[in-house]
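Descriptive analysis of the structure
The primary structure of each chain is shown beneath.
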Amino acid sequence: MNRRPLIRFFIILIVMITVFSFASCKDDKNEESTTGYSYNPVGSETTEVPSTDSTAGDVINIDDSWMKNFHVKYRYYNPEQSVTTMNIEEKKSAGAFTVEYLDTNSILYYKANGMDTDYYVIINNEEEQVHSVLKNKKFSSLSSMFMKLSEVNADLPTQSNVLYMYDEEVAGRNCHKYIQRAYSDGKLTQSVYVWIDVQYGFAARCEAYDESNNLTLMWDIESFETGTLTDEDVFIDISEYAFKENVG
């Protein structure tokens, strides 16, 4: 039996569990803690100046209403996590949330359950899957890798090492493209290109390069829609699987 796809999925799963755990942390006001998109290395220097182009605006207009109901397909590459690009599809409705790894046909499935959330891990070609109950975890508080990756700071265009470049479409969506560069001792240490969706203010695409122009991080949406999904569009028939209960 070829174990490589399964091993690869478990690596991805560890990454996703980490992302979900971090993204769903709460502060004292029961609001979701976030970090946002920003690259500001300590002690960095820059010769770039903020863009004054009026088409980009002084701040990003962020509308996160899409996070309640969306369907996105995107590519994600991080050489520290995987040697290949991952193809991922996320669907979220009022009561269900799926994250599917299209290369392995494996799924993370979340379903509203009162004050709790049911969590299913479905790994392709495995005889037994895993079910957990996330106690006191409201479904509405869940986040995902794409939701975290695509989050930006509204003041990104005003930062001293950020320059607006031009408008460009990503997956048919109008975006403002920016470049953010970091310098140390007068030498370029990192360049980040980010495409910000004009309508909702999320990062539809990002490419980060090191001082040797090696790609260190990338994501890129292939399709995106919001406000159209019903629970029936997202629900998975779990009766087709045998689940082991995780009581830890």
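These remarks concern the structure in this document.

1. What to know about the packing of aromatic side chains
Here the structure, examined in full by the defined rule, presents 16 aromatic pairs. The interplanar angle of 65 degrees and the centroid separation of 5.0 Å between the aromatic rings of Y120 and F243 together place this pair among those described as edge-to-face. Taken together, the residues Y120 in strand β5 (residues 116–122) and F243 in strand β12 (residues 243–246) connect sequence positions 123 residues apart. Taking relative accessible area as the criterion, Y120 reaches 8% and is therefore assigned buried. Given the relative accessible area of 21%, F243 is considered partly exposed. Summarising the aromatic geometry, the rings of F202 and F224 are spaced 4.9 Å apart at their centres and angled 45 degrees between planes, so their arrangement reads as tilted.

2. What to know about the environment of R205
Looking at the secondary structure, you find R205 in strand β10 (residues 203–210). R205 sits 129 residues away from Y76 along the chain, and the two C-alpha atoms are 9.7 Å apart. Residues within four places of R205 in sequence aside, it is in contact with V170, Y193, V194, W195, W219 and D220.

3. Description of the pattern of salt bridges
Here the structure, examined in full by the defined rule, presents six salt bridges. One salt bridge in this structure joins E222 and R75, with 3.9 Å as the shortest N-O distance. Of the two residues, E222 is situated in strand β11 (residues 215–226) and R75 in strand β1 (residues 70–77); the sequence distance between them amounts to 147 residues. Judged by its relative accessible area of 27%, R75 falls in the partly exposed class. One salt bridge in this structure joins K135 and D116, with 3.8 Å as the shortest N-O distance. You can see K135 sitting in the loop between β6 (129–134) and α2 (145–149) and its partner D116 sitting in strand β5, a full 19 residues away along the chain. K135 gets classed as exposed once you look at its relative accessible area, which sits at 61%. Accessibility expressed as a relative area gives 15% for D116, which makes it buried. Salt bridges here are not isolated pairs; linked through shared partners, they connect R75, D220 and E222.

4. Let's talk about the pairing of strand β3 (residues 96–101)
Regular strands place side chains that alternate from one sheet face to the opposite one. Across the six residues that make up β3, a large majority, five, are buried. Summarising the sheet, strand β2 (residues 86–92) and β3 pair through five bridges and their orientation is antiparallel. Bridge pairing links E89 to E100 in β3. In sequence, β2 turns back onto β3 through a hairpin of three residues. Two successive antiparallel strands, β3 and strand β4 (residues 106–113), enclose a turn made up of four residues, where N105 displays a positive phi of approximately 55 degrees.

Reading the values: the criteria
Residues numbered from 1 in each chain as written. Predicted model: local features only at pLDDT ≥ 70, side-chain atom pairs only at ≥ 80, totals over all residues. Heavy atoms only, no water. Phe/Tyr/Trp six-rings, centres within 6.5 Å; stacked < 30°, edge-to-face > 60°. Helix = DSSP H or I, 4+ residues; strand = E, 2+ residues; numbered from the N terminus. Buried < 20%, exposed > 50% of the residue type's maximum accessible area, 1.4 Å probe, protein only. Contact = heavy atoms within 4.5 Å. Salt bridge = Lys/Arg side-chain N within 4 Å of Asp/Glu carboxyl O. Pairing = 2+ DSSP bridges.

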